[in-house]
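# Analysis of the macromolecular model
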Amino acid sequence: MEFHYRNRGTCSTVCHFDIEDGKLHHVKFENGCEGNLKAIGRLVEGRDAKEVVQILKGNDCRGRGTSCADQLARHIEEALTKM
């Protein structure tokens, strides 16, 4: 199932990902730090979505209270409730 979420409080503006059989796939961000965000996508590819939430949720960027990784975790958490 494909998901698209608008990010808040980060340089990246939108996050796209798929969840298939509980696994995360095709994570992509719009805007932000391209290299770091591509790396996040590669690191979480094929991993259990719930596990990714546990790892990334709460990660802070420059005292913003969130980060691109944290936004991804929050979006995954929300997406899992819709499945």
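An account of the accompanying structure is given in this report.

Calculation notes
Per chain, residue numbering runs from 1 following the sequence as it is written. In keeping with the model being predicted, local features are shown solely for residues with a pLDDT of at least 70 and side-chain atom pairs are shown and tallied solely at 80 or more, while totals for entire chains, interfaces and linings include all residues. Heavy atoms throughout the structure, all of them, feed into the side-chain values; hydrogens and water do not. When a carboxyl oxygen of Asp or Glu lies within 4 Å of a side-chain nitrogen of Lys or Arg, that pair is called a salt bridge. In this text, helices come from DSSP runs of H or I with a minimum length of four residues, and strands from runs of E with a minimum of two, each type numbered from the N-terminal end. Any residue under 20% of the maximum accessible area for its type is buried, any over 50% is exposed, and the rest in between are partly exposed; the area is computed with a 1.4 Å probe on protein chains only. Working definition of a nonpolar core: buried Ala, Val, Leu, Ile, Met, Phe, Trp, Tyr and Cys residues. They are joined through side-chain atoms within 4.5 Å. The contact definition used throughout considers only heavy atoms, calling two residues in contact when any of these lie within 4.5 Å. For two strands to be treated as a pair, DSSP must find at least two bridges joining them. Every axis in this analysis is a line fitted to C-alpha atoms, fitted for helices over the stretch in contact. Angles between the N-to-C directions lie between 0 and 180 degrees.

What follows deals with the pattern of salt bridges. Evaluated as defined, the whole model comprises five salt bridges. Residue K57 pairs with E77 through a salt bridge whose shortest N-O separation is 2.8 Å. In this pair, K57 is assigned in the loop between α2 (49-56) and α3 (68-82) and E77 in helix α3, connecting sequence segments 20 residues apart. The exposure class of K57 is partly exposed, given its relative accessible area of 44%. R74 is the salt-bridge partner of D70, the closest N and O atoms lying 2.7 Å from each other. In this pair, D70 and R74 are both assigned in helix α3, four residues apart and thus about one turn of the helix distant. A relative accessible area of 1% places D70 in the buried class.

This part takes up the nonpolar core. Counting 21 residues, the largest nonpolar core has F17, I19, L24, F29, L72 and I76 as its most contacted members. Contributions of two or more residues to this core are made by β1 (2-6), β2 (14-20), β3 (23-30), α1 (34-44), α2 and α3. Here this core takes six residues from α3, the largest share from any one element. Each residue touching I19, except ones within four places of it in the same chain, is listed here: M1, F3, L24, A49, I76, A79, L80 and M83.

Another point: the sheet that holds β2. The strand order across the open sheet formed by three strands is β1-β2-β3, and the pairing between neighbours is antiparallel. What marks the edges here is a single partner per strand, and that holds for β1 and β3. When the angles between neighbouring strand axes are averaged without regard to direction, this sheet yields 20°. Bridge count for β1 against β2 is five bridges, and the pairing is antiparallel. Opposite Y5, over in β2, you have C15 as the bridge partner.

Structural measurements only, silent on function.
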